[in-house]
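Summary of the model geometry
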Amino acid sequence: MNLFNMRAIHCLALAGVSLCASLSAQVTISQVEVGNVSARQFDVLWQVSDISATPTFAVYSDATGTTPITDQVEVEFYPVKAGDPEVGGNGTFAERQALQGAVAAQGLVWVRVGDLQPGVTYYFATGSVDGSGTPNLANDPGIGTATTASDVAFVSEARQVMVALSQPADGAIVRLDADDSAYPLFAAVGDGAAASAAYFDLAHVLNAAGLTNFDFTTPMPLTLTVLGEDAPAGAQALTVDFDGTYTVAASQMVMFQGETGSVVSFVFDPIGDQRSRVPFVISIAAVDSNGVIVRDFTGTVELTSSATLEQGGGTTAAFTNGELLVHTVALAGEGAQTLTATHSGGATGTSDLFDLLPTFTYNEWATDVFGGSAGNPDIAGMLRDPDGDGRSNLLEFAYGLNPLISDAGARQPRGEGEEGTDQVAFTYFRLKDRLGLAYQVEQAPRPDGPWTSVLAAESTETVVDVDATTEQVTLRMAAPATGERLFLRLKVVTD
């Protein structure tokens, strides 16, 4: 029997919640973002590779996208004339169509979802079809999430910002990010403003928790970027001088030059101690001379290291909104190491030092625990069970257990509905040093599938140290709707 590419699966069921541990590829969807969130609506913005295709959009009540509620909400494509209330109703139908067409011509799709409930998480899927109605996506954007604000707070100091562009960009979308805000604001150039400007009402900025809008009493740092094929490059910092004084209305104009957008360096998120030859994820941001993320940077970098790069070296994937958020690397070596990102234009950046620790493989583990019998596949084989507790050597290794001590109930994956919440929790154990092992939680509506991986976007992960070699992982996700079932399983795969 081939001992490689083996899989070990654990399943279980609980009362109330069951848990068990040739389309045409023409259109690519990228840079899906949620913004303009309030207690009753949210917007979704994304870019498409082919503006001739027809975009599609669906709303769901569950993270798996199995319960559609699109017909229960209001969905509007290209919601222009949604800016300044003083001019919102003045545009003719032809003007509205012209602006909608200009946004689409920028390779952007903009959707507004309304008639929503406050403080509720909604799930959505973006898509595309050709002229015959046939799906034509080249990639799977996955299920997105948006949570409406719980309420709307009184804003004592009402302020607006008008962003004027220094070069023509009809239909471009200006993106406004406020420090510590849960979601950005979007506005189309020419929507409720002059033809070369975009209008923002800062009363719509939500706080970091996304529960209500900010009532600013101190200066507010903002970052402006422009999205679209003809958009000016770069990001621009702006500070609005709130001081808490009651103000009915105040506005300011800022000219977007885009000159601060030149990438001068790359910044790595902090990297903790890692195991040699064990994959881990890094994140990199492209920044300008002021340390502001250059949101329009979509290039690649060459990744090198002081250690040997066994995975993830060389040319990376393209950045999105100035960031490379999930890039997996594996390094071989020991001691203090660094990673370096270099762009063809000359910009570069090096991570802080981190330690690379020795690895621990299945064969080394087998030698430690089985001694002279480590070479006997009838005893030390991955699928053997020498202690007769119903758990294979592979799972004993993966959970950090002793294969010679019968302990069937120890470190068993478990799942449960969390009282007082609309979540379920699935807990399992894994090695800190996971060379050659992959742990994947999967979900399905029935025991026979179809099984799909639980994505990071639809779950939260909590990790707690158990001992020097093992950690406990708890994955939390939305509970199934009433009358539905959810099966979860843990799959352990070895190379």
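Residues numbered from 1 in each chain as written. Predicted model: local features only at pLDDT ≥ 70, side-chain atom pairs only at ≥ 80, totals over all residues. Heavy atoms only, no water.

Brief notes about the overall build of the protein
Selection rule: Secondary structure follows DSSP: runs of H or I at least 4 residues long count as helices, runs of E at least 2 residues long count as strands, and numbering of each begins at the N terminus. The buried label goes to any residue with under 20% of its type's maximum accessible area, the exposed label to any with over 50%, and the partly exposed label to all in between, with areas taken from a 1.4 Å probe on protein chains only. The Shrake-Rupley method, run with a 1.4 Å probe sphere, supplies the accessible areas, and residue values consider only the shown protein chains as cover.
Each helix and strand counted, the protein has four helices and 33 strands in total. Within the protein, buried positions represent 47% of all 495 residues. For the protein, the accessible area works out to roughly 22,700 Å², and carbon and sulfur atoms hold 50% of it.

A short note on the sheet that holds strand β27 (residues 414-417)
As a reminder, the rule being used: Two strands pair under a simple rule: DSSP has to find at least two bridges between them. Fitted lines through C-alpha atoms serve as axes, helices being fitted only where they are in contact, and the angles separating the N-to-C directions of these axes extend from 0 to 180 degrees.
Read across the sheet, four strands follow the order β27-β28-β32-β31 without closing on themselves; strand pairing throughout is antiparallel. The outermost strands of the open sheet, each flanked by one partner alone, are β27 and β31 (459-465). Each adjacent strand pair in this sheet contributes to an overall mean axis angle of 20 degrees, direction not counted. Alignment of strand β28 (residues 423-431) against strand β32 (residues 470-478), held across nine bridges, turns out to be antiparallel. Residue pairing for β32: Leu431 is matched across the bridge by Thr470.

Some thoughts on the pattern of salt bridges
Short version of the rule: In the sections that follow, a salt bridge refers to a side-chain nitrogen of Lys or Arg positioned within 4 Å of a carboxyl oxygen of Asp or Glu.
Scanning all chains against the criterion turns up 13 salt bridges. The salt bridge involving Asp43 is made with Arg112; its shortest N-O contact spans 2.7 Å. Linking Asp43 in strand β3 (residues 42-48) with Arg112 in strand β6 (residues 108-114), this pair joins segments that are 69 residues apart in sequence. A salt bridge links Arg430 to Glu471, with the shortest nitrogen-to-oxygen separation between them at 2.7 Å. Of this pair, Arg430 sits in strand β28 while Glu471 is found in strand β32, placing the two residues 41 residues apart along the sequence. Taking the relative accessible area as the measure of exposure, Arg430 reaches 11% and is therefore buried. Since its relative accessible area comes to 9%, Glu471 is described here as buried. Taken together, the shared-partner salt bridges connect Glu33, Arg175 and Asp177 into one network.

Side note on the nonpolar core
Which entries qualify depends on this criterion: What is meant by a nonpolar core is a set of buried Ala, Val, Leu, Ile, Met, Phe, Trp, Tyr and Cys residues, joined one to another through side-chain atoms within 4.5 Å.
The biggest cluster of nonpolar side chains holds 35 residues, and the ones touching the most others in it are Val34, Phe42, Trp46, Phe57, Val113 and Ile173. At the level of secondary structure, the elements contributing two or more residues to this core comprise β2 (29-35), β3, β4 (54-60), α1 (93-105), β6, β7 (121-129) and β11 (185-188). Formed by 27 residues, the second largest nonpolar core is a distinct cluster that contains Leu395, Tyr428, Leu437 and Leu488.

A closer look at the layout of surface pockets
Unoccupied space between atoms shows up once a probe the size of one water molecule is rolled over them. Where we set the bar: Any residue with an atom within 4 Å of a point lines the site, the site being either a cavity, points on a 1 Å grid over the protein atoms alone where a 1.4 Å probe fits but cannot get out, or a pocket, an open set with protein on both sides within 12 Å along at least 5 of 7 lines. Grid points are joined across faces, edges and corners, and a volume is the space filled by probe spheres set on the points. For this classification, the nonpolar set comprises Ala, Val, Leu, Ile, Met, Phe, Trp, Tyr, Cys and Pro, the charged set comprises Asp, Glu, Lys and Arg, and every other residue, Gly included, is treated as polar.
For the second largest pocket, the calculated volume is near 680 Å³. Together, 29 residues line the second largest pocket, and Ala63, Thr64, Gly65, Thr66 and Gln443 are the ones closest to its centre. Where the lining of the second largest pocket is concerned, the elements lending two or more residues are β7, β29 (437-444), β30 (452-453) and β32. A per-class count over the lining of the second largest pocket returns 16 nonpolar, eight polar and five charged.

Considering the pairing of strand β24 (residues 339-342)
Side-chain positions along a regular strand alternate between the two faces of the sheet. For strand β19 (residues 302-305) and β24, the ladder comprises four bridges, and the chain directions are antiparallel. From the neighbouring strand, Ser305 faces β24, where its bridge partner is Leu339. Two elements, β24 and strand β25 (residues 348-350), share three bridges in a ladder whose sense is antiparallel. When the sheet's bridge partners are listed, Thr340 is paired in β25 with Thr350.

Side note on the confidence of the model for the protein
Keep this limit in mind: For every residue, the predictor reports its confidence as pLDDT, a number between 0 and 100. Any two residues whose heavy atoms approach within 4.5 Å are treated as being in contact.
When the pLDDT values of the protein are averaged, the result is 81; 82% of them are 70 or greater. Confidence drops under pLDDT 50 across residues 1-25; counting only partners more than four residues distant or on other chains, this segment forms 84 contacts. Under a pLDDT of 50 for its full length, residues 82-91 has, in the predicted model, 12 contacts with residues more than four places off or in other chains.

A few points about the packing of aromatic side chains
Spelled out, the test is: Note on aromatic contacts: the rings of Phe and Tyr and the six-membered ring of Trp form a pair at centre separations within 6.5 Å, being stacked when their planes are under 30 degrees apart, edge-to-face when over 60 apart, and tilted otherwise.
Summed over all chains, the structure comprises 14 aromatic pairs. With centroids separated by 6.2 Å and ring planes inclined at 35 degrees, the aromatic side chains of Phe42 and Phe124 adopt a geometry described as tilted. Pair noted here: Phe42 is in strand β3 and Phe124 is in strand β7, with a separation of 82 residues, a long-range link. Residue classification places Phe42 among the buried residues on the basis of a relative accessible area of 0%. With centroids separated by 5.6 Å and ring planes inclined at 20 degrees, the aromatic side chains of Phe57 and Phe124 adopt a geometry described as stacked. Placement of the pair is Phe57 in strand β4 and Phe124 in strand β7, with a sequence separation of 67 residues.

Some words on the side chain of Gln274
Test applied: Between N or O atoms, a polar contact is any pair within 3.5 Å; within protein, one atom must be a potential hydrogen donor and the other a potential acceptor, and residues adjacent in sequence are included only when both atoms are from side chains.
Examined against the element boundaries, Gln274 turns out to sit in strand β17 (residues 274-275). Classification of Gln274 as buried rests on a relative accessible area of 18%. In terms of polar contacts, Gln274 uses its side chain to reach the backbone carbonyl oxygen of Gly272, at 3.3 Å. Residues in contact with Gln274, not counting those within four places in the same chain, are Phe280, Phe354, Asp355, Leu356 and Leu357.

Notes on helix α2 (residues 362-370)
Rules: Picture the helix axis, draw a direction to every C-beta atom, and the arc is the one those directions span.
Within α2 the residues assigned to the buried category are Tyr362, Trp365, Ala366 and Phe370. On an axial view of α2, the arc spanned by its buried residues comes to 105 degrees, and they lie on one face. Where α2 is buried, its residues contact α3 (377-380) and α4 (393-399). Of the residues flanking the end of α2, it is Gly371, one or two places downstream, whose phi is positive at about 55 degrees.

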